[in-house]
Amino acid sequence: MQVLQEKLGETRVHQALTEVAISSFDIKTNKPVIFTKSNLANAPELDAKMYDICYSTAAAPIYFPPHYFTTHTSNGDIYEFNLVDGGVATVGDPALLSLSVATKLAQVDPKFASIKSLDYKQMLLLSLGTGTNSEFDKTYTAEEAAKWGPLRWMLAIQQMTNAASSYMTDYYISTVFQARHSQNNYLRVQENALTGTTTEMDDASEANMDLLVQVGETLLKKPVSKDSPENL
């Protein structure tokens, strides 16, 4: 939190140089919260400090505590946020969110008028994933899982949900871009073979950071590949 405050200071959403779309989840209202610059006119309470937003969107349950802060409504009333990681709202891959925000902007902002008719050839979408565990698809079998109790399922279900959400988001977007003859305008970069400490969210050691750099450099040398749930 201290580093975010030092880097971002008192900067708020309206001061962003471009449009932003940052997801989080409010555990008090039980609803996702999406911070966008373009929606401030309708929801001025979303004009929060960027360091509050950045901490909130990274506040993964268990690893970091939920983040509480307040802003003000158009009437000057206090508006409360009780936020955790946007991945809780199944926005682990925000590419679809970004696409939605851009499509909405096309209706109100002249700079985005070229995509008003869903002309995806006017879009370039680069989606950068954080990787998945190479052992995910072979760790469990139906025979093994049939013997699990509630606790064992709780330990596994989050990993399953995250992987499925990310995969299906890629599938949805790929399908749309292909349908609009713009498949070359979307690229998803994801490492699906993480092993060892590179799979640990809470290992920020220098050695593990070096390993992740190596993973990224190796991934950039691989050819582009496409897969689909229909082929599994």
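Residues numbered from 1 in each chain as written. Predicted model: local features only at pLDDT ≥ 70, side-chain atom pairs only at ≥ 80, totals over all residues. Heavy atoms only, no water.

Draft legend 1. Highlighting the overall build of the protein. The secondary structure content of the protein amounts to 7 helices and 6 strands. Reading the secondary structure of the protein in the N-to-C direction produces α-β-β-α-β-β-α-β-α-α-α-β-α. Its C-alpha atoms give the protein principal-axis dimensions of roughly 60 × 45 × 35 Å. Looking at the protein as a whole, 31% of its 232 residues are labelled buried. Summarising the internal contacts of the protein: among those between residues at least 6 apart in sequence, 61% fall at separations of at least 24. Of the accessible surface of the protein, which amounts to about 15,000 Å², a share of 56% is contributed by carbon and sulfur atoms. (Helix = DSSP H or I, 4+ residues; strand = E, 2+ residues; numbered from the N terminus. Buried < 20%, exposed > 50% of the residue type's maximum accessible area, 1.4 Å probe, protein only. Contact = heavy atoms within 4.5 Å. Areas by Shrake-Rupley, 256 points an atom, 1.4 Å probe, with all protein chains shown as cover.)

Draft legend 2. Fine view of the domain arrangement of the protein. Domain parsing of the protein yields domain 1 (1-88) and domain 2 (114-220). Taken over C-alpha atoms, the centre of domain 1 sits 24 Å from the centre of domain 2. (Domains from an automatic or database assignment.)

Draft legend 3. View of the environment of Leu4. Position of Leu4 relative to the elements: it lies in helix α1 (residues 2-8). Beyond its immediate sequence surroundings of up to four residues, Leu4 is in contact with Gly9, Tyr51, Cys54 and Tyr55.

Draft legend 4. Examining the pattern of salt bridges more closely. In this structure the tally under the stated criterion is 3 salt bridges. The partner of Lys49 in a salt bridge is Glu10, with the nearest N and O atoms 2.7 Å apart. Of this pair, Lys49 sits in the loop between β2 (31-36) and α2 (50-57) while Glu10 is found in the loop between α1 and β1 (21-26), placing the two residues 39 residues apart along the sequence. Looking at Glu10, the relative accessible area reads 52%, which means it is exposed. For Glu191, the salt bridge goes to Lys222, with nearest N and O atoms at 3.3 Å. On the criterion of sequence distance, the pair formed by Glu191 in the loop between β6 (186-189) and α7 (206-220) and Lys222 in the segment after α7 is long-range, its members being 31 residues apart. (Salt bridge = Lys/Arg side-chain N within 4 Å of Asp/Glu carboxyl O.)

Draft legend 5. How the structure looks around the packing of helix α3 (residues 95-105) against helix α6 (residues 150-179). At a minimum axis separation of 9 Å, α3 and α6 run at an interaxial angle of 40°. Between α3 and α6, the interaxial angle falls into the category oblique. Of the residues in α6, those in contact with Ala95, Leu96 and Leu99 of α3 are Thr169, Tyr172, Ile173 and Phe177. Tallied by class, the residues present in the contact of α3 with α6 amount to 6 nonpolar, 1 polar and no charged. (Axes fitted to C-alpha atoms, helices over the stretch in contact; angles between N-to-C directions. Parallel < 35°, antiparallel > 145°, perpendicular 65-115°, else oblique. Nonpolar A, V, L, I, M, F, W, Y, C, P; charged D, E, K, R; others polar.)

Draft legend 6. Summary view of the nonpolar core. Ranked by internal contacts, the top residues of the largest apolar core, which has 15 residues, are Phe35, Leu46, Ile53 and Phe81. Residue assignment for this core shows that the elements contributing at least two residues are β2, α2 and β4 (78-85). (Core = buried A, V, L, I, M, F, W, Y, C linked by side-chain atoms within 4.5 Å.)

Draft legend 7. Looking closely at α3. Listed as buried for α3 are Ala95, Leu97, Leu99, Val101, Ala102 and Leu105. If you follow the buried residues of α3, they end up packed against β1, β2, β5 (125-128) and α6.

Draft legend 8. Fine view of the environment of Phe177. Mapped onto the fold, Phe177 is located in helix α6. Along the chain, Phe177 and Lys147 lie 30 residues apart, while their C-alpha atoms are 42 Å from each other. Not counting residues up to four positions away in its chain, the partners in contact with Phe177 are Leu99, Tyr120, Leu125, Ser182, Gln183, Asn185 and Tyr186.

Draft legend 9. A look at the side chain of Asn82. Examined against the element boundaries, Asn82 turns out to sit in strand β4. If we ignore the near neighbours within four places in the chain, the residues touching Asn82 are Phe25, Asp26, Ile27, Lys28, His67 and Tyr68.

Draft legend 10. Looking closely at the pairing of β2. Note that β1 and β2 share 6 bridges and pair antiparallel. The residue of β2 that forms the bridge with Ser23 is Ile34. Hairpin connection between β1 and β2: a loop of 4 residues separates the two successive antiparallel strands, and Asn30 in this loop has a positive phi of roughly 60°. (Pairing = 2+ DSSP bridges.)

Draft legend 11. Representation of the pairing of β4 in the model. As judged from the 3 bridges shared by β1 and β4, these two strands associate in the antiparallel manner. Each residue of the ladder has a partner; that of Asp26, found in β4, is Leu83. By the bridge criterion, 6 bridges tie strand β3 (residues 67-72) to β4 in an arrangement that is antiparallel. Looking at β4, one finds that Thr71 is bridged to Tyr79. Between β3 and β4, which follow one another and run antiparallel, lie 5 residues, and Gly76 among them has a positive phi close to 90°.

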